[in-house]
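What follows is each chain in one-letter form.
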Amino acid sequence: AQSVTQPDIHITVSEGASLELRCNYSYGATPYLFWYVQSPGQGLQLLLKYFSGDTLVQGIKGFEAEFKRSQSSFNLRKPSVHWSDAAEYFCAVGAGGYQKVTFGTGTKLQVIP
Amino acid sequence: EADIYQTPRYLVIGTGKKITLECSQTMGHDKMYWYQQDPGMELHLIHYSYGVNSTEKGDLSSESTVSRIRTEHFPLTLESARPSHTSQYLCASSEEGRLNFQETQYFGPGTRLLVL
């Protein structure tokens, strides 16, 4: 079965600074990878996904993620963080077919002025 | 992006009451899911459905039940609510991509349940 690790529970960055959120996965074959964002009291919104092809994936709101098979990672990046990016971010891995998607425990992002 | 709706958004109810959390999607997705999420915690899958008349229990044991009589509707019912049921419940549906295993889940806004 697949698993996801988000090693950072909480991250604080200054507005305008760059951001990288870490995600490591465990799965025997090529995984399907996702990043979601959750604002307080809201559901999860899909930021981006990786199924195959180019390992650098562009998403909404200026986010991107890079799939690195050798490191079993799918880190989320943004070059310049805005105050509205403060939220919780979830990495997820799917195996396809009738396999269920597994979510990480989330990283809470705080943005300071 | 999928249109998926959950009602109510917030519910405060007394112990022992029967409640139904509604979830509807307008995208014609076959697969639907219910997750339970406690503050600061990961999502736990409690129920899922691969189509009409198909329901399965998820990874986390739950006293709730679900039904799937119509493609667009996937309600979750608690026959007798207890304080331990206090949580946020998220509904999701998924489409399959060009290859049938490229599945993307889309989430509703969630229902925050407080059982007194």
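Residues numbered from 1 in each chain as written. Chains lettered and ligands numbered in written order. Predicted model: local features only at pLDDT ≥ 70, side-chain atom pairs only at ≥ 80, totals over all residues. Heavy atoms only, no water.

*Asks:* Describe the nonpolar core, listing the residues and the values that go with them.
*Replies:* Among the nonpolar cores identified, the biggest contains 26 residues, and Leu19, Trp35, Leu47, Leu48, Phe74, Leu76 and Tyr89 of chain A are the most heavily contacted of them. The set of elements that each furnish at least two residues to this core consists of β2 (10-14), β3 (19-21), β5 (32-38), β6 (44-50), β8 (64-68), β9 (73-78), β10 (87-94) and β12 (107-112) of chain A. Among the elements that take part in this core, β10 of chain A stands out by supplying 4 residues, more than any other. Judged by nonpolar contacts, the second largest core, of 19 residues, contains Phe34, Ala92 and Val101 of chain A together with Tyr33 of chain B. (Core = buried A, V, L, I, M, F, W, Y, C linked by side-chain atoms within 4.5 Å. Buried < 20%, exposed > 50% of the residue type's maximum accessible area, 1.4 Å probe, protein only. Helix = DSSP H or I, 4+ residues; strand = E, 2+ residues; numbered from the N terminus.)

*Asks:* Residues and numbers for the environment of Ser14 of chain A, please.
*Replies:* Residues and elements named next belong to chain A. Here Ser14 shows up in strand β2. Judged by relative accessible area, Ser14 falls into the partly exposed class, the value being 34%. Leave out the neighbours within four places in its chain, and Ser14 touches Val81, Val111 and Ile112. (Contact = heavy atoms within 4.5 Å.)

*Asks:* So what's going on with a nonpolar patch on the surface? Which residues, and what values?
*Replies:* Together, Val12, Leu114 and Leu116 of chain B make up an exposed nonpolar region whose accessible area comes to about 290 Å². Within the secondary structure layout, Leu116 of chain B lies in the segment after β11 (111-115). (Patch = residues over 30% accessible without salt bridge, like charges linked within 9 Å, V, L, I, M, F, W, Y side chains within 5 Å. Areas by Shrake-Rupley, 256 points an atom, 1.4 Å probe, with all protein chains shown as cover. Salt bridge = Lys/Arg side-chain N within 4 Å of Asp/Glu carboxyl O.)

*Asks:* Go over the pattern of salt bridges with me, naming the residues and quoting the values.
*Replies:* Tallying each qualifying case throughout the model produces 7 salt bridges over all chains. A salt bridge links Arg77 of chain A to Glu66 of chain A; the shortest N-O distance between them is 3.2 Å. Linking Arg77 of chain A in strand β9 with Glu66 of chain A in strand β8, this pair joins segments that are 11 residues apart in sequence. Salt-bridge contacts for Lys18 of chain B lead to Glu79 of chain B; the nearest nitrogen and oxygen are separated by 3.9 Å. Placement of Lys18 of chain B in the loop between β2 (10-13) and β3 (19-25) and of Glu79 of chain B in the loop between β8 (76-78) and β9 (87-96) is noted, with a sequence separation of 61 residues between them. It is possible to trace a salt-bridge network through shared partners that takes in Glu64, Glu66 and Arg77 of chain A.

*Asks:* Any chance you could break down the interface of chain B and chain A for me, citing the residues and the numbers?
*Replies:* Contact residues are listed per partner, giving 27 residues for chain B and 22 residues for chain A. Approximately 2,000 Å² of surface area, both sides summed, lies buried where chain B meets chain A, with 52% of it carried by carbon and sulfur atoms. Between chain B and chain A we count 0 salt bridges in total. The tally of links between chain B and chain A comes to 4 residue pairs in polar contact (both at pLDDT 80 or more). Among the secondary structure elements, those contributing two or more residues to the side of chain B that touches chain A are β4 (31-37), β5 (43-51), β9 and β10 (103-107) of chain B. Element by element, the count of residues in the side of chain B that touches chain A is highest for β10 of chain B, at 5 residues. For the side of chain B that touches chain A, a count of residues per class yields 12 nonpolar, 7 polar and 8 charged. (Buried area = accessible area lost by both parts, 1.4 Å probe. Polar contact = N/O pair within 3.5 Å; in protein donor to acceptor, adjacent residues only side chain to side chain. Nonpolar A, V, L, I, M, F, W, Y, C, P; charged D, E, K, R; others polar.)

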